Amino acid sequence: MRRPSIEEHLSSDRLSECILGEPDAWIAQHIERCPACRAELGNLREALGEFRGAVRSWSESQAQAALAIDSRPPESHSWIASHQLALALLLAAVCILTSIVWHGGESAAPASDAVLLNQVDAEVSRAVPSSMEPLMKLVVQE
Amino acid sequence: MELSATSELERAIRPDVAALAGDFEALVRLYRPKVFRFALVSLRDLDAAESVTQDCFLRAYHARVGFRQDCGMQTWLMQIAVNLIRDQIRNRRFQFWRRASLTSEPVDVAGHRIADGARSPEAQALLNERVAAVWEAAAKLPERQRTVFLLRFVEDMDLLEIAYATGMKEGTVKTHLFRAMRAVRTRLGGTA
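Residues numbered from 1 in each chain as written. Chains lettered and ligands numbered in written order. Predicted model: local features only at pLDDT ≥ 70, side-chain atom pairs only at ≥ 80, totals over all residues. Heavy atoms only, no water.

Engineer: Explain the overall build of chain A to me, and be specific about the residues and the numbers.
Structural biologist: Along chain A, the regular secondary structure elements total five helices and zero strands. What you see in chain A, going N to C, is helices and strands ordered as α-α-α-α-α. Within chain A, buried positions represent 22% of all 142 residues. Sequence separation of at least 24 residues holds for 33% of the intrachain contacts in chain A that already meet a minimum separation of 6. Counting every atom, chain A has about 10,200 Å² of accessible surface; 63% of that belongs to carbon and sulfur. (Helix = DSSP H or I, 4+ residues; strand = E, 2+ residues; numbered from the N terminus. Buried < 20%, exposed > 50% of the residue type's maximum accessible area, 1.4 Å probe, protein only. Contact = heavy atoms within 4.5 Å. Areas by Shrake-Rupley, 256 points an atom, 1.4 Å probe, with all protein chains shown as cover.)

Printed below as a string of structure tokens:
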């Protein structure tokens with residue numbers, strides 16, 4: 001492996017070796033003597049460390065969110081649902097009863113209609129109005 | 001509280017397969033957050049991550065008798081998770097929904113980091129930018145590079161553990177990791 005001079009900065013792979021631990025002695029020496037590589041290594045370590053922390057925090061928050069969804073009290077939801085269902089059933093029952101009563105009334109109507117029509121027929125078929133019928137009797141007798 | 005891989009509980013569980021069979025619930029409590037986190041950061045989809053996590057422990061439960069203890073419990077579970085995530089990523093329906101969600105609502109992962117009071121607002125903003133840059137760079141990595149990168153830098157697994165979990169050779173893991181680091185560094189503004 002070719003060693004870079006002190007003017008030459010460490011490659012990404014050499015920096016990775018440092019981050020993974022146990023770099024060769026000359027790499028460690030270079031880091032000690034080269035402020036640019038030291039800063040680069042420090043920045044990389046810090047970014048990866050913060051990345052780890054951020055991912056762990058995010059994961060925990062996601063796990064808690066999932067737990068909150070799972071443990072959401074089902075009673076309130078089912079209570080509302082059951083009341084809504086009961087109300088819907090009640091309304092349906094009222095509608096059905098109203099419909100039955102309404103149609104029941106309609107079935108009685110034809111009989112009364114027939115009586116009324118007979119009365120109308122009887123009135124129409126009279127030769128004179130009922131109030132003049134006595135006079136008509138006198139005329140006929142004459 | 002999340003326990004570390006070398007916690008008392010893991011040390012108590014690891015030597016005894018019978019304990020694994022007998023107290024599987026303790027294992028789930030211990031490792032579920034890690035498996036879920038890895039699935040979530042790999043898939044970036046809450047429902048898919050939960051599904052993978054459940055499948056992972058279901059498979060682990062069925063395969064618990066065959067666990068040879070030639071690796072740590074976390075590594076073994078991660079091996080199962082890596083395979084499930086790979087299957088999920090290759091699922092065409094998932095690819096469609098993932099594309100749709102990524103274009104509609106980007107995840108603000110940097111915003112979830114608790115601000116450090118010691119930093120100035122400018123320094124914090126700069127750091128948030130850098131975290132977002134790493135997040136974006138990780139999203140664009142090829143699948144294997146991303147898996148290796150996340151196992152190393154989110155789950156703190158060493159090269160040997162990653163090699164076991166992914167079924168790659170240690171040298172291959174290192175190569176993928178270096179390539180991933182190059183891409184991340186380029187995204188951060190450094191020279192590859």
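Anyway, onward from the coordinates.
Engineer: A description of the overall build of chain B should follow, citing residues and the corresponding values.
Structural biologist: For chain B, the helix and strand inventory stands at ten helices and zero strands. Overall, chain B shows an N-to-C arrangement of helices and strands of α-α-α-α-α-α-α-α-α-α. When burial is assessed residue by residue, chain B has 46% of its 192 residues classed as buried. Taken as a whole, chain B presents about 10,200 Å² of accessible surface, with 52% of it coming from carbon and sulfur.

Engineer: Give a detailed account of empty space enclosed by the protein, specifying residues and quantitative values.
Structural biologist: Residue and element names in this part refer to chain B. Inspection of every chain in the model, using the stated rule, returns one cavity of 30 Å³ or more. Forming the walls of the largest cavity are Val82, Arg86, Glu143, Arg144, Thr147, Thr166 and Met168. Contributions of two or more residues to the lining of the largest cavity are made by α5 (73–90) and α8 (143–153). Top element by residues in the lining of the largest cavity is α8. It accounts for three residues. Its residues assigned to classes, the lining of the largest cavity shows two nonpolar, two polar and three charged. (1 Å grid on protein atoms, 1.4 Å probe; cavity = no way out; pocket = protein on both sides within 12 Å on 5 of 7 lines; lining within 4 Å. Points joined across faces, edges and corners; volume = space filled by probe spheres on them. Nonpolar A, V, L, I, M, F, W, Y, C, P; charged D, E, K, R; others polar.)

Engineer: Describe the interface of chain B and chain A, and please don't skip the residues or the numbers.
Structural biologist: Contact with chain B, which involves 34 residues of that partner, is made by 30 residues of chain A. Roughly 3,200 Å² is buried in total at the junction of chain B and chain A, and carbon and sulfur atoms are behind 65% of that figure. Where chain B packs against chain A, one counts four salt bridges. A salt bridge links Arg56 of chain A to Asp156 of chain B, with the shortest nitrogen-to-oxygen separation between them at 3.7 Å. In this structure, the connection of chain B to chain A is made through six residue pairs in polar contact (both at pLDDT 80 or more). Looking at the side of chain B that touches chain A, the elements with two or more residues in it are α3 (24–43), α4 (46–63), α7 (121–140), α8 and α10 (170–188) of chain B. (Buried area = accessible area lost by both parts, 1.4 Å probe. Salt bridge = Lys/Arg side-chain N within 4 Å of Asp/Glu carboxyl O. Polar contact = N/O pair within 3.5 Å; in protein donor to acceptor, adjacent residues only side chain to side chain.)

Engineer: Lay out the nonpolar core with the relevant residues and their values.
Structural biologist: Leu77 and Phe149 of chain B are the most contacted members of the largest nonpolar core, which totals 69 residues. Here this core takes eleven residues from α3 of chain B, the largest share from any one element. Setting aside anything within four residues of it in sequence, one finds Phe149 of chain B in contact with Leu48 and Phe51 of chain A together with Val134, Ala138, Leu141, Val154, Leu177, Ala180, Met181 and Val184 of chain B. (Core = buried A, V, L, I, M, F, W, Y, C linked by side-chain atoms within 4.5 Å.)

Engineer: Hey, could you go over the pattern of salt bridges for me, with residue numbers and the actual values?
Structural biologist: All told, the structure shown has nine salt bridges over all chains when counted by the stated rule. Residues joined in a network through salt bridges with shared partners are Arg52 and Arg56 of chain A together with Asp156 of chain B.

Engineer: Now, about α7 of chain B: what can you tell me, with residues and values included?
Structural biologist: Counted at 1.5 Å a residue, the expected span for α7 of chain B with its 20 residues is 28 Å, and the 29 Å between its end C-alpha atoms agrees. By the burial criterion, the buried members of α7 of chain B are Gln124, Leu127, Arg130, Val131, Ala133, Val134, Trp135, Ala137 and Ala138 of chain B. (Expected span 1.5 Å × (residues − 1).)

Engineer: An account of the confidence of the model for chain A is requested, with residue identities and associated values reported.
Structural biologist: Summing up the model confidence of chain A, the mean pLDDT is 78 and the portion of residues at 70 or higher is 71%. Taken element by element, chain A is modelled with least confidence in helix α5 (residues 133–141) of chain A, mean pLDDT 66, and with most confidence in helix α2 (residues 25–33) of chain A, mean pLDDT 88. (pLDDT = per-residue confidence, 0-100.)

Engineer: How would you explain the packing of α3 of chain B against α8 of chain B if you had to name every residue and give the values?
Structural biologist: Residues and elements named next belong to chain B. It is the contact of α3 with α8, at a shortest axis distance of 11 Å, that shows an interaxial angle of 140°. Between α3 and α8, the angle falls in the class oblique. The handedness of the crossing between α3 and α8 comes out as right-handed. For the pair formed by α3 and α8, the contact residues are Phe38, Val41 and Ser42 on the first element and Arg146, Thr147, Leu150 and Leu151 on the second. Its residues placed into classes, the contact of α3 with α8 shows four nonpolar, two polar and one charged. (Axes fitted to C-alpha atoms, helices over the stretch in contact; angles between N-to-C directions. Parallel < 35°, antiparallel > 145°, perpendicular 65-115°, else oblique. Left-handed = near helix turned anticlockwise from the far one by under 90°.)

Engineer: Talk me through the packing of α5 of chain B against α8 of chain B; I want residue IDs and the actual numbers.
Structural biologist: Residue and element names in this part refer to chain B. Packing of α5 against α8 brings their axes to within 12 Å, and their N-to-C directions diverge by 145°. Between α5 and α8 lies a crossing whose hand is right-handed. Contacts between α5 and α8 pair Met78, Val82, Arg86, Ile89 and Arg90 from the former with Glu143, Arg146, Thr147 and Leu151 from the latter. When grouped by side-chain class, the residues that make up the contact of α5 with α8 number four nonpolar, one polar and four charged.

Engineer: Give a detailed account of the confidence of the model for chain B, specifying residues and quantitative values.
Structural biologist: Reading predicted coordinates in detail is not appropriate for stretches of low pLDDT. Residue and element names in this part refer to chain B. Averaged over chain B, the pLDDT score is 81; the fraction of residues at 70 or greater is 74%. The lowest-confidence element of chain B is helix α1 (residues 8–13), averaging 51 in pLDDT; the highest-confidence one is α8, averaging 95. A low-confidence stretch, residues 1–6 stays under pLDDT 50, and its non-local contacts, those more than four residues away or across chains, total 13 contacts. Taken together, the chains of this predicted complex give a pTM of 0.68 and an interface ipTM of 0.79.

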